[in-house]
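What follows is the residue order along each chain.
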Amino acid sequence: MQKKLILSTLGKIMIILGLSMLIPLAVSVIYRESLAFVFLVVAPLTGGVGFLLYYCFKTEDRMRPKDGFAVVTYGWLIASVFGALPYLFSGALPHFADAFFETMSGFTTTGSSVIDNIEILPKGLLLWRSLTQWLGGVGIIVLFVALLSTLGVSGMQIFKAEMTGPIAEKIRPRASDSAKNIWLIYIALTLIQTILLALCGMDWFDAVNHALATTSTGGFSTKNSSLGYFDNALIEWITIIFMLLCGVNFSVHYQVLKQKSLAIFFKTKVTRIYLIIIAAATIFIVVDMLSETTNGLGETIRCAAFQVVSVITSTGFITDDYDQWPHLAMATIIFLMFIGGCAGSTSGGMKVDRWVILFGQARHELQRTLHPRMVTRLKVNDLPISDHVIINVAIFFFLYIFICIISTLFIASCGIDFFSAFTAVAASLGNVGPALGAFGPTESFAQAPVLAKYLFAFLMLLGRLEIFTVLVIVLPQFHFNRHEHRQKH
Amino acid sequence: MRTAIIGAGKVGYNIAQVLSKEGHDVIVIEHDEDRGKIVEENLDVQVLVGNGASAKIFAQMDIEHIDLLVAVTEFDELNMLSCMLAKQHGVMRTVARVRDPDYADDVQLAKNPLLGIDLLINPEKVAAKEIMKLIKIPEALNVNYFAGGMMQMLELMVQPDNKMVGKALKDIRGRSRFLIVAIIRREQVIIPRGDDKLKTGDRLFVMAETDNMKTIERSLGFEREMAHSVMILGGSRIGFYLATLLEGSGLEVKIVEKDYAHCRKLAALLDETIILHGDGSDVDLLQEEGIKDTDVLVALTEDDKLNLLVSLLAKRLGAGKTIAQIRRSDYVPLIETVGIDVAVSPRSLTAEAILQFVRKGNFLSIAILEQGHAEVYEVVITPQMSKLVNKEIKQINFPKGSIIAAIFRQGRAIIPGGQDILMAGDRITIFAAAHVANKIEGLFH
């Protein structure tokens, strides 16, 4: 691990973070909020520390894969620490654990909150809250790769470490161009949604915030009752469509735009399966709810589709309290938390790609018991998947489930009932946000014990960076440096 | 017609032989001097030794006066280059043999006017298509289609348990019209008459409308059993193409391939096919994979002898039908007598396909059967053909050893009887033993 290089790169990330704080600062000034002073302190502080780090450790060294993992993991931790300062200094969240939880939940696009009454927060802070999600959606560091093309080859290392899904695809020959294209699609989606929401009667401030939280599949709202507050069918359908789009691999969007053909959505196997799962889950829930609800069919469908898309894309917007739903519907929601969106999207969870790979390989293993000498190659979207990736996905699945179980044990030991603990762990690890039971859609995480909050925050990071990037830092070999070792002897 | 054939391999030789016999001027270009000498000694053609895409050879063969260029060397790129250059020199028609799937499967490439290839032929694909036909009708030894698929001609072997053995042909009634065009008995091509009787071991060529063929077969004592499982030995290009064609037809397809790296490549290219790593001559493997219940075994390894051996082995272990790739066509007649059902030679198939493309006109050969012992011709009847027009078939003095197998009139296919009258504009299919081919041609002048 090259400490100097990592520190200087972290410095650059902090400069960008400091710069991004100028946006909420401007909003605070516009709305004449005293909060402006907080950002006036925090933004230069973050940028200044970043500049110092960058300046003191400036180096010409090239980044290696190991360094990429360190930059990403530490980068996210540092961003969450400094990003928590506005909550802390403004007094909105006086405890560091709460502020850190809220920021991590933002950057990882989880969307769980420890704030019981959001509506009393100043507008600058609300925007900062949504902005953390938007920055984290595609990836803080991917943004960094996009902005600083000088990284060259090493850019791909970071790109890989931060992109969601088992295989990082370059849609353009250069990592920085790929990152730029992804960000352009992302910005375009956000702008379009903002305009559409505003046209449907949301005020501009809410429209911007909700668009930021939708395209990042984050789920922070400016209202206590989330999107349910607006009670507007058109707004809900727009949000459904944008959540759906942002759960799709951004390189598929790129292809759709490049070839000007919507058919690519259905030609791509993973996207097709993603849409089928959504349709099937919606039908399940609608059928299950129709026996109990007094609402009409249209409203039930909208309500079910909204919640299904919201959970599978790990957004976590709420229009209906699914904690009150019948059993099958509730079980479907929990199942969706484990599926997640497509790789290369802003969504969380295990990703449909991994499920497709695992199911494909399971089928091959079964066939192999019948034909012992069978040779198989798994294909996704007509591209053969290397054995290395299959093993990686299988181990990912194992770690995901293992972490889920162990964390549930830990949370339960804090005195929280099993059902709430399990679903909260699944919702945090899957970056969904609202869970069921004690942490259900109408509740917040405010009453969770401090230790549990840190664990939830850690789970969000694990989930967002897809376990390996974070866990590799824990390995002792990771910090072992041959060069330093030789000097000691 | 002046024809240049580049590459005097098996295919080139075959085409040169046929065209030269038919009276065309043939120039063969071959880079190997010894091979060139063999061609010169055996065929009445001009042989040039050298590179078929070079300016020197082009000048020697007087490229401006060539009507047809057939490039069938071992090298795809050379074949394509020769065609491209020839086209630029004004050669009317060009044929290239291209085997690499990267080129051969590229539809755009074949049509690209810059390349100037009129027929791009891929021997492996041709062979795979031929085998595919045989798998679809497992009881047939040979399947031919005419009139865009409306008519079908099957070659069927009369087994000892066939209940029609000993019956005269005139006593066999079908629900719709059919014609037993020929019987191969002890390697003799017989054009049967009504009182000829079916014998065990006869091979019948039966012509009928494709849709009716299944019931016709039943009246002849054959039962069509759909194939459910196919095992392919050898994952060569033919094996790969065959598997591609079979995928999606609902059959269970297995490929046995010796080379592990190649197995992985195939597995990446094919979706439903089961790729097995192992040696095709391994009896344990064959039994483990249920050779007993395999309907069709296709041996397509590079080695003729291995294909032969494994097919015999599989037959003994209980496989249904066996098809073997045999490259040396002189083995082919032998093979079908030892119990292998069908031998397929990609090279002869390629030569046939090229000849079919090359020979255009009123009188054309559309299928070569029994290694050239019999041929199927198609003729368009013109008003000038006074010996034929408006005559009943039984009045026409057809040479012994030939028969009108089908008539196509205004989009309809007719199985002819003696009282049918030929009309101008009819397209007729004639089946003939090889030795009467010349006599038939006389009828049409």
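Residues take numbers from 1 onward in each chain, read along the sequence in its written order. To read the labels, note that chains go from A and ligands from 1, taken in the order they are written. Confidence filtering applies because this is a predicted model: local features only for residues at pLDDT of at least 70, side-chain atom pairs given and counted only at 80 or more, and all residues used for totals across whole chains, interfaces and linings. Neither water nor hydrogens contribute to the side-chain values; these are computed over all heavy atoms in the structure.

Colleague: Before we go on, may I ask you to explain the overall build of chain B in this structure?
Modeller: Assigned secondary structure in chain B consists of 15 helices and 22 strands. Taken over the C-alpha atoms alone, chain B extends approximately 65 × 65 × 40 Å along its principal axes. Under the scheme applied here, a residue whose accessible area is under 20% of the maximum for its type counts as buried, over 50% as exposed, and between as partly exposed, the area being computed with a 1.4 Å probe on protein chains only. Split into buried and exposed, the 445 residues of chain B put 54% on the buried side. Long-range pairs, those at least 24 residues apart, make up 61% of the contacts in chain B between residues at least 6 apart in sequence. Only DSSP runs of H or I covering at least 4 residues are called helices, and only runs of E covering at least 2 are called strands; the numbering of each starts at the N terminus. Residue contacts are defined here by distance: any two heavy atoms, one from each residue, within 4.5 Å place the two residues in contact.

Colleague: Mind showing me how you'd approach the sheet that holds strand 2 (residues 25-30) of chain B here?
Modeller: Residue and element names in this part refer to chain B. Strand order in the open sheet formed by six strands is 3-2-1-4-5-6, with parallel pairing between adjacent strands. Strand pairing shows two members of the sheet lacking a second neighbour, strand 3 (46-49) and strand 6 (119-121), which therefore form its edges. Taking each pair of neighbouring strands and ignoring which way they run, the sheet shows an average axis angle of 15°. As paired elements, strand 4 (residues 68-71) and strand 5 (residues 93-97) share four bridges and run parallel to each other. In the sheet register, Leu-69 faces strand 5, and the bridge partner there is Thr-94. What counts as an axis is a line fitted to C-alpha atoms, over the stretch in contact for a helix, and the angles between N-to-C directions run from 0 to 180 degrees. Across the sheet, helix 2 (residues 33-42) is in contact with strand 2 and strand 3; its angle to strand 3 comes to roughly 175°. Any two strands with at least two DSSP-identified bridges between them are counted as paired.

Colleague: Got a minute to help me understand the pairing of strand 11 (residues 203-209) of chain B in this structure?
Modeller: Remember that side chains alternate between the two faces of the sheet whenever the strand is regular. All names here are of chain B. Among the seven residues that make up strand 11, six are buried, leaving the element largely enclosed by the rest of the structure. As paired elements, strand 8 (residues 151-157) and strand 11 share seven bridges and run antiparallel to each other. In the sheet register, Met-151 faces strand 11, and the bridge partner there is Glu-209. Looking at chain direction, strand 9 (residues 178-185) and strand 11 are connected through six bridges and run antiparallel. Each bridged residue has a counterpart across the sheet, and for Leu-179 the counterpart in strand 11 is Met-207.

Colleague: I'm lost on the pattern of salt bridges in this one. Help?
Modeller: Here the idea is simple: oppositely charged side chains can pair when their charged atoms come close. Residue and element names in this part refer to chain A. One speaks of a salt bridge when a side-chain nitrogen belonging to Lys or Arg is within 4 Å of a carboxyl oxygen belonging to Asp or Glu. Considering all chains together, one arrives at 29 salt bridges over all chains under this definition. Taking the shortest distance from any N to any O, the salt bridge between Arg-302 and Glu-236 comes out at 2.8 Å. Of this pair, Arg-302 sits in helix 15 (residues 297-312) while Glu-236 sits in helix 11 (residues 233-246), and the two are 66 residues apart along the sequence. Look at Arg-302 and you get buried, because its relative accessible area is 14%. According to the relative accessible area criterion, Glu-236 is buried, its value standing at 5%.

Colleague: Just to check I follow, could you spell out the pairing of strand 4 of chain B for this structure?
Modeller: Residue and element names in this part refer to chain B. Burial along strand 4 is two-sided: Leu-68 and Val-70 facing one way and Leu-69 and Ala-71 facing the other are all buried. As paired strands, strand 1 (residues 2-6) and strand 4 are joined by four bridges and run parallel to one another. What sits directly across from Ala-4, in strand 4, is Leu-69.

Colleague: Looking at this structure, I do not really get the environment of B:Gly320. What am I missing?
Modeller: All names here are of chain B. Among the secondary structure elements, Gly-320 is positioned in the loop between helix 12 (304-317) and strand 16 (321-325). Separated by 182 residues in sequence, Gly-320 and Pro-138 place their C-alpha atoms 8.5 Å apart. Those residues in contact with Gly-320 that sit more than four places away from it in its chain are Thr-294, Asp-295, Lys-315 and Asp-341.

Colleague: Please clarify how the interface of chain A and chain B should be interpreted in this entry.
Modeller: You'll often see interface size given as the accessible area lost when the parts meet. Taken together, the contact between chain A and chain B spans eleven residues of the former and 20 residues of the latter. Three residues stand out in chain A for area buried against chain B, namely A:Arg373, A:Val375 and A:Arg377, and they jointly supply 51% of the buried area on that side. At the junction of chain A and chain B, the tally comes to five salt bridges. For the side of chain A that touches chain B, the per-class residue count stands at four nonpolar, two polar and five charged. Two elements, strand 1 (residues 374-375) of chain A and strand 14 (residues 274-277) of chain B, share two bridges in a ladder whose sense is antiparallel. By the bridge assignment, A:Met374 is partnered in strand 14 of chain B with B:Leu276. Accessible area that two parts lose when put together, with a 1.4 Å probe and added across both, is what the buried area reports. All residues other than Ala, Val, Leu, Ile, Met, Phe, Trp, Tyr, Cys, Pro, Asp, Glu, Lys and Arg, Gly among them, are scored as polar; the first ten of these are nonpolar and the last four charged.

Colleague: Would you mind going over the sheet that holds strand 10 (residues 188-190) of chain B with me for this structure?
Modeller: By way of backbone hydrogen bonds, the strands of a sheet pair with one another, either parallel or antiparallel. All names here are of chain B. Pairing in this open sheet of five strands is antiparallel, and the strands run 7-8-11-9-10 from one edge to the other. A single partner strand is all that each edge strand has here, and the edge strands are strand 7 (140-146) and strand 10. Here the strands of the sheet are splayed against their neighbours by 20° on average, with no regard to which way each runs.

Colleague: So what exactly am I meant to see when it comes to the confidence of the model for chain A here?
Modeller: In regions of low pLDDT, the predicted coordinates are not meant to be interpreted in detail. Scored by pLDDT, chain A comes out at a mean of 86, with 91% of its residues at no less than 70. Scored from 0 to 100, pLDDT reflects the predictor's confidence in each residue. Across residues 485-489 of chain A, confidence stays below pLDDT 50; counting only partners more than four residues off in sequence or on other chains, it has one contact.

Colleague: Quick question: what am I supposed to make of the domain arrangement of chain B here?
Modeller: All names here are of chain B. The domain boundaries here were taken from an automatic or database domain assignment. Domain annotation of chain B identifies domain 1 (2-121), domain 2 (139-219), domain 3 (229-349) and domain 4 (354-443). Facing the 13 residues of domain 1 at the interface are six residues of domain 4. The largest share of the area that domain 1 buries against domain 4 comes from Ile-15, Arg-93 and Leu-119, three residues that together contribute 44% of it. Here domain 1 is connected to domain 4 by zero salt bridges. Under this definition, polar contacts are N or O atom pairs within 3.5 Å; protein pairs additionally need one hydrogen-donor-capable and one acceptor-capable atom, and for neighbouring residues in sequence, both atoms have to be side-chain atoms. Linking domain 1 to domain 4 there are zero residue pairs in polar contact (both at pLDDT 80 or more). Broken down by secondary-structure element, the contributors of at least two residues to the side of domain 1 that touches domain 4 are helix 1 (10-21), strand 4, strand 5 and strand 6. When residues in the side of domain 1 that touches domain 4 are grouped by element, the largest group, four residues, is from helix 1. In the side of domain 1 that touches domain 4, the residues fall into ten nonpolar, no polar and three charged.

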